[in-house]
Amino acid sequence: MDSHGTWLQTESEHYVYYYRPNSAAAADIESIKTEQERVFTQLNQLLGTQYNQKIHAYIFNDLADAGFTDKTGQAFPILNTIEVIYGSDGYTIGKRGISAHEVAHIITFNAWGPTDLRILSEGIAVYMEHVTYDSEAKYGSSQMIVAALVAHGDLPNIESLASDFEQFDTNISYPVSGSFAGYIIRRFGMEKYRRLFTEGRSNHFAADFKSVYGVSLSDVENTWSHYSDKSLTQ
Ligand SMILES: [Zn+2]
């Protein structure tokens, strides 16, 4: 990990935290610990896992401190490590909702297995932000973005998102994946999602979807996008 500069270190049951002296994170470290432990337990319940390894969380002050140019957080599941920010550029740890994202990457990769389907790995991480949040306003945000894309005829199709996630702007790919993940999890359950996550491959996603779910991807996609369409007017 990039460890230029000084780190202070502290631990809670499931994390080791590294944070900068005299930083916003240093001032709020106790509330960060409380939120991250809370979400760790909630994620295990939601994902049906019993993940118990310690996560190393490097808390940078801002994007420049982290060296991030195109992201606000990062997970290294094999190393049980996350890199996050807490300060003037925003928060990717310690706040309800976003507290779940990088931790969900760590738990799904290590408890379920690796996947080459970013639509599913980002999808579950974004969906976990929503379901671990305590406000309805935030909960519907991915759905709202999907509804707006549908209204403009700009919703990417799921198969191209599965086969070439990187070609899409992250402001589209992340919420669309989160909304689709949430839809198939609510409709078909977490266990089937886990199976598709570990058994599916990006180059034949539609076939893998059919073999896990027993229904065609295009049928489910259709129902999902119309469902999102309606949510705009609520
Ligand atoms: Zn992510």
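None of the values given here were measured: they were computed from a predicted structure.

## Let's talk about the domain arrangement of the chain
Okay, so step 1: Each assigned domain of the chain is listed here: domain 1 (8–112) and domain 2 (118–231).
Okay, so step 2: Centre-to-centre, using C-alpha coordinates, domain 1 lies 24 Å away from domain 2.
Okay, so step 3: Every contact between the two is made by 15 residues of domain 1 and, on the other side, 17 residues of domain 2.
Okay, so step 4: Both sides together, the interface formed by domain 1 and domain 2 hides about 1400 Å², and carbon and sulfur atoms give 71% of it.
Okay, so step 5: When residues of domain 1 are sorted by the area they lose upon contact with domain 2, Arg-96, His-101 and Trp-112 head the list and together hold 44% of the total.
Okay, so step 6: Here domain 1 is connected to domain 2 by zero salt bridges.

## Things to note about the nonpolar core
Okay, so step 1: By size, the foremost hydrophobic cluster in this structure holds 55 residues, and its most contacted members are Ile-59 and Tyr-193.
Okay, so step 2: Summarising the domain contributions, this core has at least three residues from each of domain 1 (8–112) and domain 2 (118–231).
Okay, so step 3: Discounting residues that sit within four places of it in the chain, Ile-59 has contacts with Trp-7, Tyr-17, Tyr-18, Tyr-19, Arg-20, Ala-25, Ile-29, Ile-32, Val-84, Tyr-86 and Ile-93.
Okay, so step 4: Ranked by size, the runner-up nonpolar core spans eight residues in total, among them Trp-7, Tyr-18, Phe-68 and Ile-85.

## Points about the coordination of the zinc ion
Okay, so step 1: The coordination sphere of the zinc ion contains the protein donors His-101 (NE2), His-105 (NE2) and Glu-122 (OE), at a distance range of 2.0 to 2.1 Å.
Okay, so step 2: The sequence pattern describing where the donors of the zinc ion fall on their chain is H-x3-H-x16-E. Here the residue His-101 occupies a position in helix H4 (residues 101–112), and Glu-122 occupies one in helix H5 (residues 118–131), the gap between them amounting to 21 residues. Across this residue pair, the class does not change: His-101 and Glu-122 are buried.

## Some points on the environment of Thr-92
Okay, so step 1: Note that Thr-92 resides in the loop between strand S6 (90–91) and H4.
Okay, so step 2: Taking the C-alpha atoms as reference points, Thr-92 and Thr-72, 20 residues apart in sequence, are found 6.7 Å from one another.
Okay, so step 3: Contact partners of Thr-92, with chain neighbours within four places excluded, come to Thr-72, Gly-73, Val-84, Ile-85 and Ile-98.
Okay, so step 4: Polar contacts involving the side chain of Thr-92 include one to the main-chain carbonyl oxygen of Thr-72, which spans 2.8 Å.
Okay, so step 5: Among the polar contacts listed, one links the side chain of Thr-92 to the backbone nitrogen of Ile-85, at a separation of 2.8 Å.

## Notes on the pattern of salt bridges
Okay, so step 1: Overall, the coordinates contain ten salt bridges when judged by the stated rule.
Okay, so step 2: In this structure, Glu-30 and Lys-33 form a salt bridge, with 3.5 Å as the shortest nitrogen-oxygen distance. In this pair, Glu-30 and Lys-33 both sit in helix H2 (residues 29–47), three residues apart, roughly one turn of the helix.
Okay, so step 3: The class for Lys-33 is buried, based on a relative accessible area of 13%.
Okay, so step 4: The shortest N-O distance in the salt bridge between Glu-35 and Arg-38 comes to 2.9 Å. Taken together, the positions of Glu-35 and Arg-38, both in helix H2 and three residues apart, correspond to about one turn of that helix.
Okay, so step 5: Overall, Arg-38 belongs to the partly exposed group, its relative accessible area being 26%.
Okay, so step 6: Here the salt bridges do not stand alone but share partners, grouping Glu-35, Arg-38 and Arg-96 into one network.

How each quantity is defined
- Residues numbered from 1 in each chain as written.
- Predicted model: local features only at pLDDT ≥ 70, side-chain atom pairs only at ≥ 80, totals over all residues.
- Heavy atoms only, no water.
- Domains from an automatic or database assignment.
- Contact = heavy atoms within 4.5 Å.
- Buried area = accessible area lost by both parts, 1.4 Å probe.
- Salt bridge = Lys/Arg side-chain N within 4 Å of Asp/Glu carboxyl O.
- Core = buried A, V, L, I, M, F, W, Y, C linked by side-chain atoms within 4.5 Å.
- Buried < 20%, exposed > 50% of the residue type's maximum accessible area, 1.4 Å probe, protein only.
- Donors = N, O, S within 2.8 Å, 3.2 Å for Na, K, Ca; no water.
- Helix = DSSP H or I, 4+ residues; strand = E, 2+ residues; numbered from the N terminus.
- Polar contact = N/O pair within 3.5 Å; in protein donor to acceptor, adjacent residues only side chain to side chain.

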